[in-house]
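A closer look at the structure
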Amino acid sequence: MARRFLITTALEETWPNKEESVLFLGEWCCLHANKEKWESLDYQILKYRWDDRQKLHDDYFYLLDVYENILKELTASLNKLHGVDRSIDYWRILIGPWLMSFVAIIHERWANLDSVLSSNKAYRTYILDQKDENLIPNDMSEFSSFQENDEWNHYIYSKLLKISFESNSLEIINIPDLEINANSMVSIRRNLWKRVLGRFSTFFNKNTDHFLYGSRLSFFDLLKVNLNLLQFPVFYTTEDLRKFNPDLNLRKWKITTSSADSNFIKTLKDIIPFQIPKSYLEGFKVLKEISADLGWPNKPKSIYTTTAFHDDDVFKQWTAEKCELGTPFFISQHGGNYGQAAFSFTEYHELKISNSFLSWGWSREKESINPIGSYKKQSTKNLLRESEELLFIISLYPRYSGSLLSMPISTQVLNYLEQQVLFCSNLKEHIKKDLVMRLYPYDYGWSVEDRILETFPNINIDKGERDFSTALNTARLVVSGWNTTTYLESLAMNKPTVIFWDPVYFELNDQAKEYFKELERVGIFHKNVSSAINHIEEIWEDVDAWWQDGEVKAVKKDFVNNYVRNNEEFVNNLIASLKSSESIR
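Rules used throughout
Per-chain numbering applies: the sequence of each chain, read as written, is numbered from 1 onward. Whole-chain, interface and lining totals are the exception, using all residues; otherwise, since this is a predicted model, local features are given only for residues with pLDDT of at least 70 and side-chain atom pairs are given and counted only at 80 or more. For the side-chain quantities, the full set of heavy atoms in the structure was used; hydrogens and water were omitted. Each helix corresponds to a stretch of at least 4 residues labelled H or I by DSSP, and each strand to a stretch of at least 2 residues labelled E; elements are numbered beginning at the N terminus. For the radius of gyration, the atoms used are the C-alpha atoms, and the globule rule reads 2.2 Å times the number of residues raised to 0.38. Accessible area is worked out with a 1.4 Å probe on protein chains only. A residue is then buried under 20% of its type maximum, exposed over 50%, and partly exposed in between. Working rule for contacts: check all heavy atoms of both residues, and any pair within 4.5 Å makes them a contact. Here the accessible surface of atoms and residues is derived via Shrake-Rupley with a 1.4 Å probe, and residues count as covered only by protein chains that are part of the display. Lys and Arg are tallied as positive, Asp and Glu as negative. Neither His nor the chain termini are counted. Taken as the charge location is NZ of Lys, CZ of Arg, CG of Asp or CD of Glu. By the criterion applied in these results, polar contacts are pairs of N or O atoms within 3.5 Å in which, for protein atoms, one can donate a hydrogen and the other can accept it, and in which residues neighboring in sequence qualify only through two side-chain atoms. The pairing criterion for strands is at least two bridges between them, as found by DSSP. Handedness is read with the strands pointing away from the viewer; a crossover is right-handed when the path from the first strand over the helix to the second is clockwise. The set of buried Ala, Val, Leu, Ile, Met, Phe, Trp, Tyr and Cys residues whose side-chain atoms join them within 4.5 Å is what this entry labels a nonpolar core. By definition here, a salt bridge exists when the distance from a side-chain nitrogen of Lys or Arg to a carboxyl oxygen of Asp or Glu is within 4 Å. The axes are straight lines fitted to the C-alpha atoms, using for helices just the contacting stretch, and the angles between their N-to-C directions are given from 0 to 180°. Orientation categories follow fixed angle ranges, with anything under 35 degrees roughly parallel, anything over 145 roughly antiparallel, 65 to 115 roughly perpendicular, and all other angles oblique. Crossing handedness: left-handed means the near helix sits turned counterclockwise from the far one by under a right angle, and right-handed means the same turn made clockwise. Only Asp, Glu, Lys and Arg are considered charged in this grouping, and only Ala, Val, Leu, Ile, Met, Phe, Trp, Tyr, Cys and Pro are considered nonpolar; every other residue, Gly among them, is considered polar. The length a helix should cover is 1.5 Å for every residue beyond the first.

This part covers the overall build of the protein. Broken down by element type, the protein carries 22 helices and 16 strands. In summary, the protein has a C-alpha radius of gyration of 25 Å against a globular reference of 25 Å for 585 residues, a match within 12%. With respect to the three principal axes, the spread of C-alpha positions in the protein is 70 × 65 × 45 Å. Counting the 585 residues in the protein, one finds 58% classified as buried. Contacts spanning at least 24 positions in sequence make up 76% of the contacts within the protein whose residues lie at least 6 apart. Here the protein has roughly 24,800 Å² of accessible surface; of this, 48% comes from carbon and sulfur atoms. Positive and negative charge centroids in the protein, built from 68 and 81 side chains respectively, lie 5 Å apart.

This is the structure:
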């Protein structure tokens, strides 16, 4: 019987000729832009592992345990390698975002292969015969780009095949010297003028100042916070990391395995030393040197950020050092889904590393969550205006899975997109003509615009030409089908808003379910497309009458107060939180 050819990614250089029957490991292999090629093949597509959402839920908590255990082992290994004695909390701040995503990535890729190759059916496949040192991410920022990249994912699948799945039933053909496309792996560079202003302003800081960095505060809000803290406003910046040369001798260490380790755990431990970003090994000393030269305070009263805890390795290393000495660390919520998701790696990590997590309004018992409100600008006025526009907002997730949380992951985005197309298809024409679809700023290879235009060639598309506030202000009604920041902003701005999504893919925690039940009762939230459309058609001629209804206003106000509380109080609450940092030490 002929072997079926196994295709692991969309990298067409690793595909066979048209005569062979193929098995695509997932929908991420089948780019819409190249559908003429793959549709001409004799192909099957493997059912996605996490279409079983209970399996995703179970895997999430299993992988949390794996992450915590590996983090303990890496704490010992990295302390020994660098001749330091840092706590697990130090390494959690520095490497936690990478390790948490990497554990989930390797598990999902490994499980995809295992579901095919454990059957002992005969397969053959091409793999990249690349040197490990050519595909090590330089830092967390580059890793974030790598995990969305076809070439890097094919390399990971190649490593897993060689480490765990070489057998008589799998024929592996090496492809040497394939040039890796680095264009999609470039880190975003910071604005020069911000760096100049930042370095100049550090001449006026003090070693004991509160440190605000990556705050997302407006200029005037940042000014107000600093003046109330009795310190000169400093606009801190960092430096871009240079490219570090890999040192394979520094990567010969191994994580201890035991007889109790599963095949996946052994594989994970085997691959980590070859894939841990260079900034945590070869560039570790440079991280410390950069932060020392930036003029950041030596003994800050507190550290505050909204976003820098994830990708900014210089900031993370410096913060980890200061937290070791007792400096309180404040993280402010920076988007939607927080406090609502049934599970979220991101939320878990931020709560673990911060002394106080500053939420937009929600809290939970026995956790250090301070609901100070949102930094997003808001309005209590009705901004309906004389507009006919229905603003329909599209969101996305990358083709390849990364960090885990309760929303559509990887190929499940196709189900989400089908629901958005269904919504547009079933709207009555007099409403559809006023629909403007606002696309997500990153396409991830889904070819969303092409998909939409194939079905609706005359649809109005907003590619981000207008800033989001302008788009909201000029809409009669805002519609969102994803649990993210956008609908929170529209509700906070008091824009008439309709939300719909499939609860199978957007699992809510028990507390959030009660709030969404109320939103559903007054027509703001819907669990399916048809319900959302029926409601929109019912209110379209007089959206304002529905939005100004007393019960709708009361439910909306309660929801906003819990998930995106008014900005007017945010700055004062932030000042009070930072002033209280002495009590946290």
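To continue, consider the environment of H32. Checked against the element boundaries, H32 lands in the loop between β2 (21-24) and α1 (35-39). Those residues within four positions of H32 in sequence are excluded, and the remaining contacts are W446, S447, D450, R451 and E454. Of the polar contacts made by the side chain of H32, one reaches the side chain of E454; its length is 3.0 Å.

Let us look at the sheet that holds strand β13 (residues 460-462). Sheet architecture is open: six strands sit in the order β13-β12-β11-β14-β15-β16, paired in parallel fashion. Of all the strands in the sheet, just β13 and β16 (525-526) have a single pairing partner and so form its edges. As paired elements, strand β12 (residues 435-438) and β13 share three bridges and run parallel to each other. Note that in β13 the partner of R438 across the bridge is D462.

It is worth spelling out the environment of E289 at this point. Mapped onto the elements, E289 comes out in helix α9 (residues 284-293). For the pair E289 and K366, spaced 77 residues apart in sequence, the C-alpha separation works out to 38 Å.

Residue alternation in strand β15 (residues 497-500) divides its side chains into two sets, T497 and I499 and V498 and F500, and both sets are buried. Note that strand β14 (residues 475-480) and β15 share three bridges and pair parallel. Within β15, the position partnered with S480 by the bridge is I499. Handedness of the crossover joining β14 and β15 through helix α17 (residues 485-492) is recorded here as right-handed. Pairing analysis gives two bridges linking β15 to β16, with the strands arranged parallel. Residue I499 lies in a different strand from β16, and its bridge partner there is F525. Handedness of the crossover joining β15 and β16 through helix α18 (residues 510-521): right-handed.

For the rest of this paragraph, the subject is the nonpolar core. One finds L74, W98, I272, L390, F392, F423 and I536 to be the most contacted residues of the largest nonpolar core, which totals 174 residues. In terms of residue count, the dominant contributor to this core is helix α3 (residues 88-117) (18 residues). Formed by nine residues, the second largest nonpolar core is a distinct cluster that contains I393, A475, V478 and M493.

With that out of the way, let us pick up the pattern of salt bridges. Opposite charge on two side chains lets them pair, provided their charged atoms get close. On inspection of all chains with the given rule, the structure shows 31 salt bridges. Among the salt bridges present, the one from K47 reaches D51, with a minimum N-O distance of 4.0 Å. What makes D51 partly exposed here is its relative accessible area of 29%.

In this section: the sheet that holds strand β8 (residues 329-332). Read from one edge to the other, the open sheet built from five strands follows the order β6-β7-β8-β9-β10, with strand pairing classed as parallel. The sheet is open, and its two borders are formed by β6 (211-212) and β10 (369-371), each paired with just one other strand. Where β8 and strand β9 (residues 356-359) come together, three bridges link them in parallel fashion. The residue of β9 that forms the bridge with I331 is F357. The sheet contacts of helix α11 (residues 313-324) involve β6, β7 (303-305) and β8, and relative to β7 the element is tilted by about 145°.

Turning to the packing of helix α5 (residues 150-164) against helix α8 (residues 263-275), a few remarks are in order. Where α5 meets α8, the closest approach of the two axes is 11 Å, and the angle between their N-to-C directions is 125°. As summarised for this structure, α5 and α8 are arranged oblique, according to the angle between their axes. The two elements α5 and α8 meet at a crossing, and its hand is right-handed. Contacts between α5 and α8 involve W152, Y155, I156, K159, L160, I163 and S164 from the first element and N263, T267, D270, I271, F274 and Q275 from the second. Class assignment for the residues of the contact of α5 with α8 results in seven nonpolar, four polar and two charged.

In a regular helix each residue adds 1.5 Å, so 12 residues correspond to 16 Å; α11 covers 16 Å between its end C-alpha atoms and thus fits that length. By the criterion of burial, α11 is predominantly enclosed, with 10 of the 12 residues buried. Residues of α11 that are buried include every one of D313, V314, F315, K316, Q317, W318, T319, A320, E321 and K322, and no others. N-cap assignment for α11: the residue whose side-chain oxygen lies 3.3 Å from the backbone N of V314 is D312.

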